[in-house]
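# Descriptive structure summary
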Amino acid sequence: VYAKGARLLKMLFDYIGEDAMRKGLKNYFKKYAYKNTVRDDLWRELSETSGKDINKLMTPWLIKSGMPVVSVSRDKNHLKLEQKRFLLSGEDNDSLWPIPLLADKNLGIDVFDKRNIEIEYKDKNEPVLNQNGSGHFVVNYTDSETKNNIKQKIINREIDSAGRINVLNDMLLLNQNGEYPLADIIDIVDECDKEPREAVWSMLGRAIGFASLLTEGDEPTEEQIKKLKIKTSQYWFEKLGWDDKKDDDPNTKLLRRTALGLSISGENKSALADALSK
């Protein structure tokens, strides 16, 4: 409950902006100091500073269980969006949320509150929804062109690290209910060997872990997983070595441990020899 509440507040912060949020909170604390309040009091103050109906936006998120998944597909000069409740099994055709899309491109709408919508979009550069991962929803890029464009944005680091973490996390969640093939995620992992952020590696490592669970006992496939671990860790294993340096930042230290862990679990001969010699 607390985690959901924190995430909803972050979603609201990104939706209305820092200035409106700060001013609204300042007014709220000043007006209701030493008094009892209800959530509508906070929504009222934030509505005044943002010029948006915050009660209408936030109440459905608080009274509905679960969270939505927004499916995105492209048809020539249009984007098609569809929302439904994210479930690992079964269906829910009734739940509907007002979703701040929090996209990195101007889509002409900022809140998606219908089951389906088609938006005119002529930009060839694919939009990334929920770009900072602050929205309490999952995004599923469904058609092959859109999926490939998002894949390349991750590999080429055209999305910032928070966005890469969020997109990969969504893919892994969608894999759990059968909507996103694990093989497609592994294809991304295979090309991210120079990824510089350890937090992103936590997602890449999860994908490898899922693959290892599925292939346990199948020796030929297990060997392929080991080769993947060696390939993806080789760059940072060679660059960072074994020992921390005085000027290493926390990311570098964690990245070194990740590279070493993958190298050894992949049975990299050089890494094993080094480990045995220490």
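Above this text you will find the structure in question.
Anyway, here's the lowdown on the structure attached to this text. Everything numeric in this text was worked out from a predicted model, so none of it was measured. (Residues numbered from 1 in each chain as written. Predicted model: local features only at pLDDT ≥ 70, side-chain atom pairs only at ≥ 80, totals over all residues. Heavy atoms only, no water.)

### Some thoughts on the sheet that holds strand β6 (residues 138-141)
Neighbouring strands of a sheet are bound in pairs by backbone hydrogen bonds; such pairs are parallel or else antiparallel. What counts is decided by this rule: Pairing between strands requires that DSSP locate at least two bridges from one strand to the other. For helices the rule is a DSSP run of H or I covering at least 4 residues; for strands it is a run of E covering at least 2, with both sets numbered from the N terminus onward. Between N-to-C directions, angles span 0 to 180 degrees; the directions come from axes that are lines fitted to C-alpha atoms, helices contributing only their stretch in contact.
A sheet is described by the order of its strands in space; here four strands give the open sequence β5-β2-β1-β6, paired in mixed fashion. Single-partner strands in this sheet number two, and they are β5 (116-120) and β6. Along the sheet, successive strands turn relative to each other by an average axial angle of 25°, direction set aside.

### Re helix α10 (residues 250-265)
Where we set the bar: Expected span, for any helix, means 1.5 Å times one less than how many residues it has. For the exposure calls, accessible area comes from a 1.4 Å probe over protein chains only, and a residue counts as buried if that area is under 20% of its type's maximum, exposed if over 50%, partly exposed in between. Only heavy atoms matter for contacts: two residues are in contact if any of them lie within 4.5 Å across the pair.
Across its 16 residues, α10 extends 23 Å between first and last C-alpha, which sits within 8% of the 22 Å expected from 1.5 Å per residue. Among the residues of α10, Asn 251, Thr 252, Leu 255, Arg 256, Thr 258, Ala 259, Leu 260, Leu 262 and Ser 263 are the ones counted as buried. Elements that come into contact with the buried residues of α10 comprise α8 (198-215), α9 (219-240) and α11 (269-277). Immediately beyond the C-terminal end of α10, within one or two residues, lies Glu 267, with a positive phi of roughly 60°.

### Topic: the nonpolar core
As a rule of thumb, soluble globular proteins bury nonpolar side chains together. Put simply, the rule is: Take the buried residues of types Ala, Val, Leu, Ile, Met, Phe, Trp, Tyr and Cys, join any two whose side-chain atoms come within 4.5 Å, and each joined set is a nonpolar core.
Core analysis: the largest hydrophobic core is formed by 67 residues, its most contacted members being Leu 12, Leu 129, Ile 154 and Met 171. Counting residues per element, this core draws most heavily on α8, at seven residues. Setting aside residues up to four positions removed in sequence, Met 171 forms contacts with Ile 150, Ile 154, Tyr 180, Ile 185 and Ile 188.

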